[in-house]
Amino acid sequence: MSRSTAHHSDRHGTPRTRRTPDPPETARAPAPPDAHQGPDRPGTPDGHQGPERPGTPDERQGTERPGTAPGEDARTAVTVFVALGANLLIALAKAVGGVFSGSPALLSEAAHSVADSLNEVFLLASLKRSKRAPDDQHPFGYGKERYFWSLLAAVGIFVMGGCFSFFQGAEALSSGSSEDHSGYLVGLAVLGVALLAEGSSLVRALVQVRGHAREAGHGMVAELRAGDDPTLRTVLAEDSTACLGVVFALLGMWLHMVTGEVAYEATASFLIGALLVYVAYRLAKESRGRLIGEAIDPAQRRELRRFLEAQPEIDTVTGLLTMRLGNDSTLVAARVDLIPGHDSEEVEEVLVRVKTAMTEIWPYADQIFLDVTEASARDRARARADRQALDERVAAVEKEDRGT
């Protein structure tokens, strides 16, 4: 199944999937051994011939679920620990250097690193808590814990990083240019070391993202926009902004030393604050959408619809609803109209077979509900319109991906 891409409400896919750039639509998945081998499916009353079934996971790379393998979470945890260690070390160095030199830009960077350290603690908590088993109060599990803790991390970046940086910039402007520059060389050295530490953490995150991009069959740019795992996305955003923030601080301090104008350093603090506020906004927006409940991406919905329409017993798929329940869990609810001539026992056998086949092909579709209904003429017309709109949406997404 194809991957989701940039942040649009309908483009966040199910847990990580591998895909070939343009998977063939003619591959067929063999039915389970005990499945009913029906005759070739006749055309539906509206003249639509159901598409061929998607291939099995071995035939189609797009149906695997590597993103939720146990080792993936372990690699993400290592990435978070590396970022946490780097942030704790450089937060202390920046704070000491900022107090010693009196540099507002360096103090802003110290607040930035403290905020990042606290956020990494949130993210580590999300990795563990999201894996708890379902219970009576949470029958669909705790997969959305990751999105909740990512939202808290975004709030932390905004408050502890962005707001404090704006405060430091305003303080610098109001203080004039009376600072003693004797400690600025120490501050510049601290920022240089910080840049190396932040860069090493960023490289670790990028290596993991590059591996995901290779598995998904697209480039780094498309993978950076896709980012199914909110924990990895947050670490990558933090490390990227940390490196850019250090560059801003270095330039501000150096220009302040050369010109004696504190406005350069105040501007650096404002830039750091604006950068953190923007990152916090993007992370919060993504977490909000997933907490509310987002559908999987259009290409994946189309594959599910085509699979259902290709079943010989199904006449029309009148409705298909999906929602991400976590990185390794997806809810699928479909309303289907069966062809005439099935008694109650046969209907039950058909539904069990279809659900079993769907689970085998898409293991992360672990909550499947099929509702048998009688389709009216309006239902069939709406189904045709939905199918056409979905095809158009997938074509637009694929065109945008090729452009990147």
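What counts and how
Residues numbered from 1 in each chain as written. Predicted model: local features only at pLDDT ≥ 70, side-chain atom pairs only at ≥ 80, totals over all residues. Heavy atoms only, no water. Helix = DSSP H or I, 4+ residues; strand = E, 2+ residues; numbered from the N terminus. Buried < 20%, exposed > 50% of the residue type's maximum accessible area, 1.4 Å probe, protein only. Contact = heavy atoms within 4.5 Å. Core = buried A, V, L, I, M, F, W, Y, C linked by side-chain atoms within 4.5 Å. Expected span 1.5 Å × (residues − 1). Phe/Tyr/Trp six-rings, centres within 6.5 Å; stacked < 30°, edge-to-face > 60°. Lys NZ or Arg CZ within 6 Å of the ring centre and 35° of its normal. Salt bridge = Lys/Arg side-chain N within 4 Å of Asp/Glu carboxyl O. Pairing = 2+ DSSP bridges. Axes fitted to C-alpha atoms, helices over the stretch in contact; angles between N-to-C directions. Parallel < 35°, antiparallel > 145°, perpendicular 65-115°, else oblique. Left-handed = near helix turned anticlockwise from the far one by under 90°. Nonpolar A, V, L, I, M, F, W, Y, C, P; charged D, E, K, R; others polar. Patch = residues over 30% accessible without salt bridge, like charges linked within 9 Å, V, L, I, M, F, W, Y side chains within 5 Å. Areas by Shrake-Rupley, 256 points an atom, 1.4 Å probe, with all protein chains shown as cover. Right-handed = clockwise from strand over helix to strand, strands pointing away.

Participant: Let's hear about the overall build of the chain: which residues, and what values?
Facilitator: The helix and strand tally for the chain stands at ten helices and three strands. When the helices and strands of the chain are read in sequence order from the N terminus, they spell out α-α-α-α-α-α-α-α-β-β-α-β-α. Buried residues in the chain amount to 51% of all 404 residues. Restricting to contacts in the chain with at least 6 residues of sequence separation, those with at least 24 account for 80%.

Participant: Which residues make up the nonpolar core, and what values do they have?
Facilitator: Core analysis: the largest hydrophobic core is formed by 23 residues, its most contacted members being Phe307, Leu308, Met358 and Trp362. When contributions to this core are tallied by element, the ones reaching two or more residues are helix H8 (298-309), strand S1 (314-326), strand S2 (329-338), helix H9 (344-361) and strand S3 (367-372). If one sorts the elements of this core by residue count, H9 sits on top with seven residues. Tyr184, Ala249, Ala280 and Leu283 belong to the second largest nonpolar core, which has 21 residues in total.

Participant: Run through helix H7 (residues 262-292), naming residues and quoting values.
Facilitator: With 31 residues, H7 ought to run about 45 Å at 1.5 Å a step, and its terminal C-alpha atoms sit 45 Å apart, in line with that. Taken from the residues just after H7, Gly293 is the one with a positive phi, measuring 120°.

Participant: Can you tell me about the packing of aromatic side chains, naming the residues and giving the values?
Facilitator: For the structure shown, the criterion picks out five aromatic pairs. Note on Phe164 and Phe167: the rings are 6.2 Å apart at their centroids and 40° apart in plane angle, and the pair reads as tilted. In this pair, Phe164 and Phe167 both sit in helix H3 (residues 145-175), three residues apart, roughly one turn of the helix. In this structure Phe164 comes out as partly exposed when scored by relative accessible area, which is 31%. An angle of 35° between the planes, with centres 6.0 Å apart, marks the rings of Phe166 and Phe270 as tilted. Residue Phe166 is located in helix H3, and its partner Phe270 is located in helix H7; the two are separated by 104 residues in the primary sequence. The class for Phe270 is partly exposed, based on a relative accessible area of 28%. Just above the ring of Tyr142 sits the side chain of Arg132; from NZ or CZ to the centre is 3.8 Å.

Participant: Hey, could you go over the pattern of salt bridges for me, with residue numbers and the actual values?
Facilitator: In the structure shown here, the tally under the stated rule is twelve salt bridges. A salt bridge links Arg302 to Glu398, with the nearest nitrogen and oxygen atoms 3.9 Å apart. Highlighted residues: Arg302 in helix H8 and Glu398 in helix H10 (residues 377-403), separated in sequence by 96 residues. In this structure, Arg380 engages Asp315 in a salt bridge whose closest nitrogen and oxygen atoms are separated by 2.7 Å. With Arg380 in helix H10 and Asp315 in strand S1, this pair connects stretches of sequence that are 65 residues apart. Across the pair, exposure class does not vary: Arg380 and Asp315 are buried alike. One continuous salt-bridge network, built from bridges that share partners, spans Arg302, Arg306, Asp391 and Glu398.

Participant: Break down the sheet that holds S3 for me, citing the residues and quoting the values.
Facilitator: What the three strands build is an open sheet, ordered S1-S2-S3; its pairing is mixed. At either end of the open sheet lies a strand with only one pairing partner, and these are S1 and S3. If you compare each strand with its neighbour and ignore which way they point, the axes differ by 15° on average. Pairing between S1 and S2: ten bridges, direction antiparallel. Counted as the bridge partner of Arg324 is Thr330 from S2. Relative to the sheet, H8 contacts S1, S2 and S3, its axis offset from that of S1 by approximately 145°.

Participant: Go over the packing of H3 against H7 with me, naming the residues and quoting the values.
Facilitator: Each packed pair of helices is defined by two parameters, the angle between the axes and the distance between the axes. Across the interface, H3 lies against H7 with an axial gap of 7 Å and an inter-helix angle of 165°. By the angle between their directions, the pair H3 and H7 is classed as roughly antiparallel. In this structure, H3 crosses over H7, and the sense of that crossing is left-handed. Of the residues in the contact of H3 with H7, the class split is 23 nonpolar, nine polar and one charged.

Participant: Please provide a residue-by-residue account of a nonpolar patch on the surface, values included.
Facilitator: Judged by side-chain polarity, Val155, Phe158 and Val159 come together as a nonpolar surface patch covering roughly 240 Å² of accessible area. Mapped onto the fold, Val155 is located in helix H3.

Participant: Give me the pairing of S2: which residues, what numbers.
Facilitator: Most of S2 sits inside the fold, with eight of its ten residues counted as buried. Hairpin remark: S1 followed by S2, antiparallel, with two residues in the connecting loop. Here S2 runs beside S3; their pairing, made up of six bridges, is parallel. Across the sheet, residue Val332 finds its bridge partner in S3, namely Ile368. A crossover connection joins S2 to the parallel S3 through H9; in handedness this β-α-β unit is right-handed.

Function cannot be inferred from these measures alone, as they are strictly geometric.
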